[in-house]
Amino acid sequence: MLKISDLVKRYGGGEPVLKNLDLTIEGESVVSIIGSSGAGKSTLLRCINRLVEPTSGSITLNDTELTRLRGAELRRARRKIGMVFQGFNLVDRLTVMENVQSGRLGYISTWAALTRRYPKDDIRRAYELMERVGIAHYADKRADELSGGERQRVGVVRALMQKPEILLADEPTASLDPKTSEQIMGLLRDLSRELKLPVLINIHNVHEAREYTDRIVGMRYGRIIFDDLPQALDQEAMDRIYSGSPAADRAGGLKEAS
Ligand SMILES: Nc1ncnc2c1ncn2[C@@H]1O[C@H](COP(=O)(O)OP(=O)(O)OP(=O)(O)O)[C@@H](O)[C@H]1O
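The model shown is predicted, which means the values in this text are computed figures rather than measured ones.

With that settled, the discussion passes to the sheet that holds strand E6 (residues 81-85). Strand order in this open sheet of 6 strands is E6-E7-E8-E3-E9-E10, and the pairing throughout is mixed. In this open sheet, the two strands that pair with only one neighbour each are E6 and strand E10 (223-228). For this sheet, the mean angle separating the axes of adjacent strands, direction not counted, is 20°. Of the pairings in the sheet, the one linking strand E9 (residues 215-220) to E10 comprises 5 bridges and is antiparallel in character. Within the sheet, the bridge partner assigned to Val217 lies in E10 and is Asp227.

So this is what it looks like as structure tokens:
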């Protein structure tokens, strides 16, 4: 379970961009965060894995209070948080298998990693996961020879190799065409169920949030102003979340979804 309490983030001396946020996510649910550009969605995700340092408040993942950790303890705790990125963040010149195994860095010795002598169990797990997401036949291909959807599948497998306790996805479909986007969203939803893994997705596409996630959290000016089932996201709620924002901010809104 992820529990965020009274989270505040202020960059420099300015206004807080996260204002006393409370959010709890239980296992096996896929939660999307929507909101206009600048609402604080990425900052929230980055506070969870401490890429951004919260100003105050607490974030607890299962029994570990992430906000208190420093140094080696923080590095250990970060391994429990899988991350999937908009731009995939693969190493292009490495193979799919090498990219996937980089999810085990921090678990295996530097020597094993440098000489590509991955433990047998890690190779078995990598093949199982690659098989599951349909990229096992690309194991020896260079990452830059794959399509966007295939690259994102590599990104997902790399994150799962960490055996994470939660998966955070920061705009995971923003670089993909609509059909591939839906496949990746469907995959994240199915993996969440199969692995009993909570997944938190920062997403601009409201249609995908409604179709593929169990719960939608709407942010505006650093606050959560909507937190409900997808079917509760009606026009009035959309207007509250997006009023005054450019149309592009509500990509795939209610009209396109219906
Ligand atoms: N490193 C930083 N230093 C200063 N201000 C920042 C920094 N990162 C983000 N901000 C500000 O914090 C606010 C929230 O940004 P954030 O990126 O979290 O929003 P977002 O909802 O993810 O937006 P988008 O959908 O455009 O990615 C914005 O006003 C942004 O300018």
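The next thing to look at is the environment of Leu66. Of note, Leu66 is situated in the loop between strand E5 (64-65) and helix H2 (71-78). For the pair Leu66 and Ala174, spaced 108 residues apart in the sequence, the C-alpha separation amounts to 28 Å.

Glancing now at the site of the ligand. Neighbouring the ligand are Tyr11, Val17, Gly35, Ser37, Gly38, Ala39, Gly40, Lys41, Ser42 and Thr43. Residue contributions to the shell around the ligand peak at 3 residues, all from helix H1 (residues 41-48). Of the residues that constitute the shell around the ligand, the class distribution is 3 nonpolar, 6 polar and 1 charged.

What follows concerns the pairing of strand E1 (residues 2-10). Examined bridge by bridge, E1 and strand E2 (residues 16-25) share 6 bridges and lie antiparallel to one another. The residue of E2 that forms the bridge with Leu2 is Ile25. Linkage of E1 to E2, two consecutive antiparallel strands, is achieved through a turn of 5 residues, within which Gly12 is found at a positive phi near 60°. One ladder, built from 5 bridges, connects E1 with strand E4 (residues 56-61); its direction is antiparallel. Looking at E4, one finds that Val8 is bridged to Ser56.

Another aspect to go through is the sheet that holds E5. Two modes of strand pairing occur in sheets, parallel and antiparallel, and in both the strands are linked by backbone hydrogen bonds. Ordered by their spatial adjacency, 4 strands build an open sheet running E2-E1-E4-E5, and the pairing between neighbours is antiparallel. The sheet terminates laterally at E2 and E5, the two strands that pair on one side only. Across 2 bridges, the pairing between E4 and E5 is antiparallel. Note on E5: the bridge partner recorded for Leu61 is Thr64. Across the sheet, H1 is in contact with E1, E2 and E4; its angle to E2 comes to roughly 60°.

In this section: the nonpolar core. Counting residues in hydrophobic clusters, the biggest one holds 62 residues, and the most contacted among them are Val157, Leu168 and Leu200. In this structure, Leu200 is in contact with Ile25, Val31, Ile33, Leu45, Ile166 and Leu168, ignoring residues within four places of it in sequence.

We now examine the confidence of the model for the protein chain. Summarising the model, the protein chain shows a mean pLDDT of 91, and 91% of its residues fall at 70 or more. This complex was scored by the predictor with a pTM of 0.91 and an ipTM of 0.97.

Glancing now at the pairing of strand E8 (residues 199-202). Residues Val199 and Ile201 of E8 are buried on one face, and the alternating residues Leu200 and Asn202, pointing to the opposite face, are buried as well. Looking at chain direction, strand E3 (residues 30-35) and E8 are connected through 4 bridges and run parallel. Along E8, the bridge assignment pairs Ser32 with Ile201. Across 4 bridges, strand E7 (residues 166-170) lies against E8 in parallel orientation. Across the sheet, residue Leu167 finds its bridge partner in E8, namely Val199. Between the parallel pair E7 and E8, the chain is carried across by helix H7 (residues 178-195), and the sense of this crossover is right-handed.

How each quantity is defined
Within any chain, residue numbers begin from 1 and follow the written order of that chain's sequence. Where local features are concerned, this predicted model is filtered to residues with pLDDT of at least 70; where side-chain atom pairs are given and counted, the filter is 80 or more; whole-chain, interface and lining totals use all residues. When DSSP finds two or more bridges between a pair of strands, those strands are recorded as paired. A helix here means a DSSP run of H or I that spans at least four residues, while a strand means a run of E at least two residues long, and both kinds are numbered starting from the N terminus. Orientation is described by lines fitted to C-alpha atoms, with helices fitted over the stretch in contact, and by angles between N-to-C directions that extend from 0 to 180 degrees. Any residue qualifies as near a molecule or strand once its backbone-derived C-beta atom lies within 6 Å of it. All residues other than Ala, Val, Leu, Ile, Met, Phe, Trp, Tyr, Cys, Pro, Asp, Glu, Lys and Arg, Gly among them, are scored as polar; the first ten of these are nonpolar and the last four charged. Note on contacts: residues are paired as contacts if their backbone-placed C-beta atoms lie within 7 Å. Any set of buried Ala, Val, Leu, Ile, Met, Phe, Trp, Tyr and Cys residues joined through C-beta atoms within 7 Å is what this text calls a nonpolar core. Counting other C-beta atoms within 10 Å of a residue's own tells you its class, since 20 or more makes it buried, 12 or fewer makes it exposed, and anything in between is partly exposed; those C-beta atoms are placed from the backbone. What pLDDT conveys is the predictor's confidence in a given residue, as a value from 0 to 100. Whether a crossover is right-handed comes down to one check: with the strands pointing away from the viewer, does the path from the first strand over the helix to the second run clockwise; if it does, it is right-handed.

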